[in-house]
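A structural walkthrough
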Amino acid sequence: MSVSFHLCQPGGGASCGACCGLYNFRDHSRAALTQRLATQTARLAHAPRTPEAYGEAARELTANRGASALFPIVRVCPLLGFLDAEQQRVGCLGHPLVTGGTDLRDCGVYRATVCETFTCPSFGWLTDAQARLVQAACADWYLYGLVITDVEFVRGCLKLLEWELGGPARPELLRERPESLSALRRLFALKETAPGRDGQATVFGRFTHDTEGEPVPRSLDYAALGTRAAPEDDVVLCLGYTPASAPELLAARELVREHVRAVAATFPA
Ligand code: SF4
Ligand code: SF4
């Protein structure tokens, strides 16, 4: 399984900057990230296209960031910004295609060669059809980046849908059907909209961090919650829920189930 097109800038409203550290903050709300990207974009827009000027801007943006990284070991690059005036596309402001020719990515948090060649695990773990489905359902930078990088979430949602349908949930078919795609977008958009999550929890979707600040997958403590595992639980974890009681967990499962059923309902019985 692997994806044959470039997931970072696939077009159609989708773009991603997750591996540049975009979401690596406790407050990774759309509003907070939009503000940060706008600040970085504005600062770099006035910088001469030289390594010295970009380096200075990068140091200044990092020093004034005002929020520490959620996972300290994961770098946050100040060269990430909006590529368009409408703030619809996120991307690298040091890339030669953006600067007009000079490669200024060395002024960021990695070497330019690393930026150029890096592909995240989603390239290897998603199928083309799954990735195209995410691109079509999440045609905005904020949601696309959250979903395309969470293979377990995408697979988990499709698996729940298959159970609900009692048969295959073919991504190609879902993409062709506007009603199904809208319902699927609402399911994927739970990444942004799911209520009742603890905004202070130091988790990012399925991950918490170890003592070194390294992201590690987390699981539910069923014994402490006094309940058993359910098929929705992987998706519940990927949404960033940290249920402290069985009723909280049950409510999160029901939310997921409701949204999966809504997608299934767009198919004829
Ligand atoms: S996280 Fe993956 S899809 Fe997103 S920008 Fe990085 S390599 Fe591209
Ligand atoms: S320099 Fe590299 S890490 Fe920084 S925004 Fe560009 S691609 Fe991302």
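In this text the structure is predicted, and so the values were computed from the model without any measurement. (Residues numbered from 1 in each chain as written. Chains lettered and ligands numbered in written order. Predicted model: local features only at pLDDT ≥ 70, side-chain atom pairs only at ≥ 80, totals over all residues. Heavy atoms only, no water.)

1. Re the overall build of the chain
Regarding its fold elements, the chain presents 14 helices and four strands. Its C-alpha atoms give the chain a radius of gyration of 19 Å, near enough to 18 Å, the size a compact globule of 269 residues would have. For the chain, the proportion of its 269 residues judged to be buried stands at 46%. Residue pairs at least 24 apart in sequence account for 67% of intrachain contacts in the chain once pairs closer than 6 positions are excluded. (Helix = DSSP H or I, 4+ residues; strand = E, 2+ residues; numbered from the N terminus. Rg over C-alpha atoms; globule rule 2.2 N^0.38 Å. Buried < 20%, exposed > 50% of the residue type's maximum accessible area, 1.4 Å probe, protein only. Contact = heavy atoms within 4.5 Å.)

2. Considerations on the pattern of salt bridges
Tallying each qualifying case throughout the model produces 15 salt bridges. Between Arg-185 and Asp-140 there is a salt bridge, and its shortest N-O distance comes to 3.1 Å. Placement of the pair is Arg-185 in helix α10 (residues 178–188) and Asp-140 in the loop between α6 (128–137) and α7 (141–148), with a sequence separation of 45 residues. Owing to a relative accessible area of 12%, Asp-140 belongs among the buried residues under this scheme. Here Arg-257 makes a salt bridge to Glu-254, at a shortest N to O gap of 3.0 Å. With a gap of three residues between them, Arg-257 and Glu-254 both fall in helix α14 (residues 246–264), about one helical turn apart. Note on Arg-257: relative accessible area 26%, which makes it partly exposed. According to the relative accessible area criterion, Glu-254 is partly exposed, its value standing at 30%. (Salt bridge = Lys/Arg side-chain N within 4 Å of Asp/Glu carboxyl O.)

3. Let's talk about α14
Helix length check: α14 (19 residues) gives 27 Å between terminal C-alpha atoms against 27 Å at 1.5 Å per residue, within 8%. Residues of α14 that are buried: Ala-246, Leu-249, Ala-252, Arg-253, Leu-255, Val-256, His-259, Val-260, Val-263 and Ala-264. In the core, the buried residues of α14 are packed alongside α8 (151–165), α9 (171–176), α10, α11 (190–193), α12 (222–225) and α13 (233–238). (Expected span 1.5 Å × (residues − 1).)

4. Here we look at the packing of α10 against α14
Orientation of α10 relative to α14, taken along the N-to-C sense of each, is 170 degrees, at an axis distance of 8 Å. One finds that α10 runs roughly antiparallel with respect to α14. Seen from α10, the contacting residues are Ser-180, Ala-183, Leu-184, Arg-186 and Leu-187; seen from α14, they are Val-256, His-259, Val-260, Ala-262 and Val-263. Looking at the contact of α10 with α14 residue by residue, the class counts come to seven nonpolar, two polar and one charged. (Axes fitted to C-alpha atoms, helices over the stretch in contact; angles between N-to-C directions. Parallel < 35°, antiparallel > 145°, perpendicular 65-115°, else oblique. Nonpolar A, V, L, I, M, F, W, Y, C, P; charged D, E, K, R; others polar.)

5. Here we look at the environment of Thr-39
Structurally, Thr-39 can be placed in helix α1 (residues 30–45). Expressed as a C-alpha distance, the spacing of Thr-39 and Ser-122, which sit 83 residues apart in the sequence, is 29 Å.

6. Considerations on the domain arrangement of the chain
Each assigned domain of the chain is listed with its residue range as follows: domain 1 (1–149) and domain 2 (151–264). Once you take the C-alpha centre of each, domain 1 and domain 2 turn out to be 25 Å apart. At the junction of the two partners, domain 1 supplies 28 residues and domain 2 supplies 29 residues. The tally of links from domain 1 across to domain 2 stands at two salt bridges. One salt bridge connects Arg-30 with Glu-192, and the closest N-O pair in it is separated by 2.8 Å. Counting across the interface, domain 1 meets domain 2 through five residue pairs in polar contact (both at pLDDT 80 or more). Counting only elements with at least two residues in the side of domain 1 that touches domain 2, the list comes to α5 (122–125), α6 and α7. (Domains from an automatic or database assignment. Polar contact = N/O pair within 3.5 Å; in protein donor to acceptor, adjacent residues only side chain to side chain.)

7. Focus on the packing of aromatic side chains
Taken as a whole, this structure holds five aromatic pairs when the rule is applied. Arranged with centres 5.6 Å apart and planes meeting at 75 degrees, the rings of Phe-82 and Trp-141 form a pair that is edge-to-face. One end of the pair, Phe-82, is in strand β1 (residues 80–82); the other, Trp-141, is in helix α7, and 59 residues separate them in sequence. Like Phe-82, the residue Trp-141 is buried in the burial classification. When the ring of Phe-153 is compared with that of Phe-188, the centres are 5.9 Å apart and the planes differ by 50 degrees; the resulting orientation is tilted. Of this pair, Phe-153 sits in helix α8 while Phe-188 sits in helix α10, and the two are 35 residues apart along the sequence. (Phe/Tyr/Trp six-rings, centres within 6.5 Å; stacked < 30°, edge-to-face > 60°.)

8. Let's talk about the site of ligand 1
Around ligand 1, a shell composed of Leu-7, Cys-8, Cys-16, Ala-18, Cys-19, Phe-118, Cys-120, Phe-123 and Thr-149 is seen. Of the residues belonging to the shell around ligand 1, the class tally is eight nonpolar, one polar and no charged. (Near = heavy atom within 4 Å.)

9. Remarks on the packing of α6 against α10
Between α6 and α10, whose axes approach to 9 Å, the crossing angle comes to 90 degrees. In terms of their interaxial angle, α6 and α10 are classed as roughly perpendicular. Residues Leu-133, Val-134, Ala-136 and Ala-137 of α6 form the contact with α10, whose own contacting residues are Leu-181, Leu-184, Arg-185 and Phe-188.

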